[in-house]
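Structure assessment
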Amino acid sequence: MADSDTAATRSAPDTVKILIAGGFGVGKTTMVGSVSEIAPLRTEEPLTVAGLGIDDLDGIEEKTATTVALDFGRITISRELILYLFGTPGQQRFWFMWNDLALGALGAVVLVDVRRPKSSFAAIDFFERRGIPFVVGVNGFHGEHPYPPEEIRDALALPDHVQVLLCDARERESSRDVLIALIDQLIAAAVK
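In short, a report on the structure. (Residues numbered from 1 in each chain as written. Predicted model: local features only at pLDDT ≥ 70, side-chain atom pairs only at ≥ 80, totals over all residues. Heavy atoms only, no water.)

With that settled, the discussion passes to the pattern of salt bridges. Taken as a whole and judged by the stated rule, the model has five salt bridges. Where Asp 168 meets Arg 170, a salt bridge forms, and the shortest distance between an N and an O atom there is 2.6 Å. (Salt bridge = Lys/Arg side-chain N within 4 Å of Asp/Glu carboxyl O.)

Here it is in structure tokens:
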């Protein structure tokens, strides 16, 4: 028999669908782009006057574009495990897409902007209602983390089993670490 490491004898890697969710402007597109090993697929469009009075730009006035469908990226964790990342749209008028994007997802990262914590409640509620495991990534805009994870957990009324991780969605290693924490949680739950 030929070398046991040939393409014919290697099994295909497991693929895992992960959602990156949260409110409008929390950094979902940035996270997918920072960690993806492929050029991410983005469905961003410029903000227009149609969103005036609908989109809440308080605290994110510099935002000029928004995801209208999804972001997609990929990261290889090992030869046996590949993550497919799906960033959800954050604007309420596009939330109807979350149900379709959640099909087949094993877990999620809920990104939180502490400047606008209310924008994350819908994502937390979405995953809690569907029983989809998630971790919370607190995106430190401008590299700042003014609150410790315990205060954020209390402010968001999160149960103890939900991990709260400080991160910077712009940094590959930081985004990777949040994803690894989620995968570790999913593995731990699978072996119980």
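On inspection of all chains with the given rule, the structure shows five aromatic pairs. With a centroid separation of 5.1 Å and 90° between ring planes, the pair formed by Phe 126 and Phe 127 is classed as edge-to-face. With respect to burial, Phe 126 and Phe 127 carry one shared label: buried. Relative to Phe 134, the ring of Phe 127 lies with its centre 6.2 Å away and its plane at 40°, an arrangement referred to as tilted. By the burial criterion, Phe 127 is buried, and Phe 134 matches it. Following the ring pairs from residue to residue traces out a cluster consisting of Trp 98, Phe 126, Phe 127 and Phe 134. Lying over the aromatic face of Phe 86, Lys 17 brings its terminal NZ or CZ to 4.8 Å of the ring centre. In this structure, Arg 115 packs its charged tip against the face of Phe 141, placed 4.2 Å from the ring centre. (Phe/Tyr/Trp six-rings, centres within 6.5 Å; stacked < 30°, edge-to-face > 60°. Buried < 20%, exposed > 50% of the residue type's maximum accessible area, 1.4 Å probe, protein only. Lys NZ or Arg CZ within 6 Å of the ring centre and 35° of its normal.)

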